[in-house]
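A structural walkthrough
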Protein chains: 2
Amino acid sequence: MADINAIAKEFTDFYYTTFDSNRANLGPLYRETSMLTWEGTPIQSANAIVEKLTSLPFAKVQHKVTTLDAQPSNPAVASLIVSVTGLLVVDDSPNPLQFSQVFQLIPDGGSYYVYNDVFRLNYGE
Amino acid sequence: MADINAIAKEFTDFYYTTFDSNRANLGPLYRETSMLTWEGTPIQSANAIVEKLTSLPFAKVQHKVTTLDAQPSNPAVASLIVSVTGLLVVDDSPNPLQFSQVFQLIPDGGSYYVYNDVFRLNYGE
């Protein structure tokens, strides 16, 4: 599964670099049918997702990926599930937050779009 | 998405209760094509997955689900992605471990089987 892991790495590098520099630019990764569940709140469509992401109350954010796993998600299509855990540094806080994020990527004309996106902070006990 | 959340809740209740009582009984939830990535190690097929799960080096284990999110994973099929975060209490340790787990469930004759399964412990910094 070397290829799928390379796709997952390339996607997450691009996704988090874009998120951390200008998250309004994430729009083209989503479609009308795309879903985001952000901390339990379900949101659908590229426009609504970008509106949510750009309204998050932090000015400066940095994602640090700790683990990255990928699996093919459909025997008939080259789609994949990407599961990420990592740390989120918000507004230069000395206490990074742990997060988990899951994507399903669907192939579309030589590239991929995000069909599923689930984001959660992990607060521990 | 009330229905999908109910399915996800029912599935995870059953899955973790079974895991914590006798994880050999998880076999029927998987098929030959099922994939598990356990702490970065890829495993395929029901038999290999059960062999892995039953060989894990803990006698007593308890999963406590903290967050549970579900989304439909395919516009044409009633499959779903289930994303879980929670705590794992191993052998009565006073220090639970955080975990993240993602499943894709595929409908099959009135029930579901696990096509994708990604498990990770979250160690923090």
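Rules of the game
- Residues numbered from 1 in each chain as written.
- Chains lettered and ligands numbered in written order.
- Predicted model: local features only at pLDDT ≥ 70, side-chain atom pairs only at ≥ 80, totals over all residues.
- Heavy atoms only, no water.
- Pairing = 2+ DSSP bridges.
- Helix = DSSP H or I, 4+ residues; strand = E, 2+ residues; numbered from the N terminus.
- Axes fitted to C-alpha atoms, helices over the stretch in contact; angles between N-to-C directions.
- Buried < 20%, exposed > 50% of the residue type's maximum accessible area, 1.4 Å probe, protein only.
- UniProt positions renumbered as here; feature names shortened; annotations may be inferred.
- Least-squares fit on C-alpha atoms with pLDDT ≥ 70 in both.
- Phe/Tyr/Trp six-rings, centres within 6.5 Å; stacked < 30°, edge-to-face > 60°.

Focus: the sheet that holds strand β4 (residues 80–90) of chain A
Residue and element names in this part refer to chain A.
- Here we have six strands laid out as an open sheet, ordered β2-β1-β6-β5-β4-β3, and mixed in their pairing. The sheet is open, and its two borders are formed by β2 (41–44) and β3 (61–72), each paired with just one other strand. Between one strand axis and the next, the sheet turns by 15° as a mean value, whatever way the strands run.
- The pairing of β4 with strand β5 (residues 97–108) spans nine bridges and is classified as antiparallel.

Some remarks on the pairing of strand β5 (residues 97–108) of chain B
Residue and element names in this part refer to chain B.
- Of all the twelve residues making up β5, nine are buried; the element is thus mostly covered by neighbouring parts of the structure.
- Hairpin connection from strand β4 (residues 80–90) to β5: six residues lie between these consecutive antiparallel strands, with D91 at a positive phi of about 50°.
- Bridge analysis of β5 against strand β6 (residues 111–122) gives eleven bridges, and the strand direction is antiparallel. For Q98, the partnering residue across the bridge sits in β6 and is N122.
- Count of turn residues in the β5/β6 antiparallel hairpin: two residues, of which G109 carries a positive phi of about 55°.

Some remarks on the UniProt feature "domain: NTF2" (unreviewed entry) in chain A
- Under the present numbering, the feature "domain: NTF2" (unreviewed entry) in UniProt falls on residues 7–121 of chain A.
- Taken end to end, residues 7–121 of chain A has its terminal C-alpha atoms 24 Å apart, with 22% of it in helix and 51% in strand.

Some details on the relation of the copies chain A and chain B
- Overlay of chain A on chain B (RMSD 0.0 Å): rotation 180°, translation along the axis 0.0 Å. The two molecules are tied by a two-fold rotation axis, judged by turn and shift. Of every C-alpha in chain A, the one belonging to S100 of chain A sits nearest the axis of rotation, 3.4 Å from it.

Considering the packing of aromatic side chains
Residue and element names in this part refer to chain A.
- All chains considered together, the criterion is met by 18 aromatic pairs over all chains.
- A ring pair is formed by Y15 and F19, whose centres lie 6.2 Å apart and whose planes are at 45°; its orientation type is tilted. With a gap of four residues between them, Y15 and F19 both fall in helix α1 (residues 2–22), about one helical turn apart. Considered together, Y15 and F19 belong to a single accessibility category, that of buried residues.
- One aromatic cluster is present, formed by F11, Y15, Y16, F19, W38, F99, F103 and F119 through successive ring pairs.

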